[in-house]
Amino acid sequence: MNKTNGNTSKYLAPLLIVMSLMFFWNFSRNINDVLIPHLKRACQLTDLQSSLIQSAFFGAYFLMALPAGRFIEKMGYRAGMLTGLILAAIGAAIFYPAATTRYYPVFLLALFTMASGFAILEVTATPYISKLGDPNYASSRLSLAAAVGSMGATIGPFIGSKFLLHEKDIPANLIKSFSPEQLKTFLNNEAHLVIPPYLTLAALFIALCAVLYFLKLPVIHEGNNRQKLSGVFKFRHTMLGVLAVFAYLGAEVGVVSFIIRYTKSLNIAGITEQKSALFITLYMALVLTGRLLGAFLLKQVKPNKVLTLCSIGAFILILVSVLTGGYLSIISLSIVGLFTSVMYPIIFTLSIKNIGDYTKVASSLLIMGVVGGAIIPPIMGLISDQSGIRMAFIAPLVCYVYVLYYGIKGYVVKNKTYSDESEEPQLTVIGH
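It should be emphasised that the depicted structure is a prediction, and the values quoted were computed from it without experimental measurement. (Residues numbered from 1 in each chain as written. Predicted model: local features only at pLDDT ≥ 70, side-chain atom pairs only at ≥ 80, totals over all residues. Heavy atoms only, no water.)

### Some thoughts on the overall build of the protein chain
No. 1: Counting its secondary structure elements, the protein chain contains 19 helices and 0 strands.
No. 2: Scaling as 2.2 N^0.38, a compact globule of 432 residues should have a C-alpha radius of gyration of about 22 Å, and the protein chain matches this with 21 Å.
No. 3: Burial status across the protein chain gives 56% buried among its 432 residues.
No. 4: Looking at the protein chain alone, contacts between residues at least 24 apart form 85% of all its contacts between residues at least 6 apart.
No. 5: Carbon together with sulfur atoms contributes 67% to the accessible area of the protein chain, which is approximately 18,100 Å² in total. (Helix = DSSP H or I, 4+ residues; strand = E, 2+ residues; numbered from the N terminus. Rg over C-alpha atoms; globule rule 2.2 N^0.38 Å. Buried < 20%, exposed > 50% of the residue type's maximum accessible area, 1.4 Å probe, protein only. Contact = heavy atoms within 4.5 Å. Areas by Shrake-Rupley, 256 points an atom, 1.4 Å probe, with all protein chains shown as cover.)

Following this line, the structure appears as structure tokens:
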């Protein structure tokens, strides 16, 4: 049982540390959206091959969610955070041999390792922050943590573009005119651009790990009432919720992954790759704005209705983007961030409603649903390679149709159970 009380001053340092972890893992994760066009050029990849960056990253979340939960139950929150940071640092450091060899699978290994660390951190952070202080203010702490994470997600693409993308685009015709030796030198130099930012991230993760190691963290003791994974399958709204997480995150990651590629295809005068990355920053800034607005809106409107309206809004904006051109097209795509901002917490909360002691194991299963971020981008990449970048956005359109279904009908609870009939479990979600 959590024995923390209203005296929160002694929890300030641990809270700041954990929130800083959230900032840096969201910062790092959203650099991927800039890394895709960069490695596409440096490693001479197709759209499908470059989209595997997201597959490696979110595939790690899928594989690590359940083991991370079990590890934290056995070893505790402190061990979970330290392990996550060590793995993230190792993954960032692997970018050095990846860049020097310019071997794409090594880049994917680096991303998979980093993401494995982030998955452990994410599974650890939400429950730890919720218990670190007065229970009556848990939602407030989690909302603040979500805002900190969104700030990292907003800044990440902007900083990444300064390191990885050129201020002026290098014409494809110029690259084709290079001799074999010139091309090799050019591509090696491109690959080496990842070394400074990722080694800096590795150093930051090690520094945070050292601070966390020497910092005296409050120990949270919990009862062990976790149920078997198989028991969750009887809850229809939970299982449909896992698919909704899959669809939501697959669509979001797919859209953001191809914003730069799509912007360049519009042939807008003066828009370079580096400037195109600003639309990712706009997208993530609108996600942050939407989450702040959502905290108020969700007190006034039923969550399933908000989810329904948001999925319709996202669908219409993507459709407008695909059917138009110029600035209207790319701005419409960027505004999708405002409508997707509250989808994950709503889906997550609706999915664990009325499931009692199955909440913990269901939470891990829902986190596994983020594998949509590993699958939808390659589907979009394949469509893009075969039929063009505009046609690739059919995939997120289909995803938002399913999210719409979940908001209208899929969320409805058909059966319920409580370990304690007097108290329905509550959870505020801070990830994705």
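### Some details on the packing of aromatic side chains
No. 1: Following the criterion strictly, the structure yields 16 aromatic pairs and no others.
No. 2: For the ring pair Phe-57 and Phe-118, a centre distance of 6.0 Å and an interplane angle of 50 degrees mean the geometry is tilted. Of this pair, Phe-57 sits in helix H2 (residues 47-75) while Phe-118 sits in helix H5 (residues 104-131), and the two are 61 residues apart along the sequence. When sorted by exposure, Phe-57 lands in the same class as Phe-118, which is buried.
No. 3: For the ring pair Phe-118 and Phe-205, a centre distance of 5.8 Å and an interplane angle of 70 degrees mean the geometry is edge-to-face. Remark: Phe-205 occurs in helix H9 (residues 195-214) and Phe-118 occurs in helix H5; sequence separation between them is 87 residues. Like Phe-118, the residue Phe-205 is buried in the burial classification.
No. 4: The structure contains a cluster of three or more aromatic residues connected by ring pairs, namely Phe-57, Phe-58, Tyr-61, Phe-118 and Phe-205. (Phe/Tyr/Trp six-rings, centres within 6.5 Å; stacked < 30°, edge-to-face > 60°.)

### Brief notes about the side chain of Ser-332
No. 1: Tracing the chain through its elements places Ser-332 in helix H14 (residues 326-340).
No. 2: In this structure Ser-332 touches Leu-317, Val-320 and Ser-321, once residues within four positions along its chain are discounted.

### Thoughts on the environment of Ile-17
No. 1: Mapping Ile-17 onto the fold places it in helix H1 (residues 12-42).
No. 2: Residue class for Ile-17 comes out buried when judged on its relative accessible area of 15%.
No. 3: Once the C-alpha coordinates of Ile-17 and Val-211 are considered, the two residues, 194 residues apart in sequence, prove to be 8.4 Å apart.
No. 4: Apart from the residues lying within four places of it in its own chain, the contact partners of Ile-17 are Val-211, Leu-212 and Leu-215.

### Details of the pattern of salt bridges
No. 1: Scanning the entire structure with this criterion turns up 6 salt bridges.
No. 2: Notably, a salt bridge pairs Arg-41 with Glu-273, separated by 2.9 Å at the nearest N-O pair. Separated by 232 residues along the polypeptide, Arg-41 in helix H1 and Glu-273 in helix H12 (residues 273-300) bring together distant segments of the chain.
No. 3: According to the relative accessible area criterion, Arg-41 is buried, its value standing at 14%.
No. 4: Judged by its relative accessible area of 14%, Glu-273 is buried.
No. 5: Notably, a salt bridge pairs Lys-264 with Asp-169, separated by 2.4 Å at the nearest N-O pair. In this pair, Lys-264 is assigned in helix H11 (residues 259-265) and Asp-169 in the loop between helix H6 (138-164) and helix H7 (172-176), connecting sequence segments 95 residues apart.
No. 6: Beyond isolated ion pairs, a larger network of salt bridges with shared partners links Lys-40, Asp-47 and Arg-261. (Salt bridge = Lys/Arg side-chain N within 4 Å of Asp/Glu carboxyl O.)

### Section: the side chain of Thr-263
No. 1: Here Thr-263 is to be found in helix H11.
No. 2: Apart from the residues lying within four places of it in its own chain, the contact partners of Thr-263 are Ile-271, Ser-276, Phe-279 and Ile-330.

### Some points on unusual backbone geometry
No. 1: Its identity is not glycine, yet Gln-44 carries a phi of approximately 55 degrees, on the positive side.
No. 2: Summarising the element assignment, Gln-44 is placed in the loop between H1 and H2.
No. 3: For Gln-44, a relative accessible area of 46% puts it in the partly exposed group.
No. 4: The phi torsion at Asn-354 lies on the positive side, around 60 degrees, for a residue other than glycine.
No. 5: Tracing the chain through its elements places Asn-354 in the loop between helix H15 (343-351) and helix H16 (359-368).
No. 6: Overall, the relative accessible area of 9% leaves Asn-354 in the buried class.

### Thoughts on the packing of H1 against H9
No. 1: Relative to each other, H1 and H9 sit at 165 degrees, their axes nearing to 11 Å. Looking at the two axes, H1 sits roughly antiparallel to H9. H1 and H9 meet at a crossing whose hand is left-handed. Touching Ile-17, Ser-20, Leu-21, Phe-24, Phe-27, Ser-28, Ile-31, Asn-32 and Leu-35 of H1 are Tyr-198, Leu-201, Leu-204, Phe-205, Leu-208, Val-211 and Leu-212, all from H9. (Axes fitted to C-alpha atoms, helices over the stretch in contact; angles between N-to-C directions. Parallel < 35°, antiparallel > 145°, perpendicular 65-115°, else oblique. Left-handed = near helix turned anticlockwise from the far one by under 90°.)

### A short note on the packing of H2 against helix H17 (residues 372-387)
No. 1: Direction vectors running N to C along H2 and H17 enclose 175 degrees, while the axes themselves pass 7 Å from each other. Looking at the two axes, H2 sits roughly antiparallel to H17. Together, Asp-47, Leu-48, Ser-51, Leu-52, Gln-54, Ser-55, Phe-58 and Gly-59 of H2 and Gly-373, Ala-374, Pro-377, Pro-378, Gly-381, Leu-382, Ser-384 and Asp-385 of H17 make up the contact between the two elements.

### Here's the deal with H12
In an α-helix, one full turn covers 3.6 residues, which means residues spaced three or four apart are oriented alike.
No. 1: Compared with the 40 Å implied by 1.5 Å per residue over 28 residues, the 41 Å span of H12 between its first and last C-alpha is a close match.
No. 2: Where H12 bends most, at Gly-294, the angle is about 35 degrees. (Expected span 1.5 Å × (residues − 1). Bend = angle between axes of the 7 residues up to and from the residue.)

### Observations regarding the state of the cysteines
No. 1: A complete count under the given rule lists 0 disulfides for this structure.
No. 2: Free of any disulfide, Cys-399 has its nearest cysteine sulfur in Cys-310, 16 Å distant.
No. 3: Its relative accessible area of 7% is what places Cys-399 among the buried residues. (Disulfide = S-S within 2.5 Å.)

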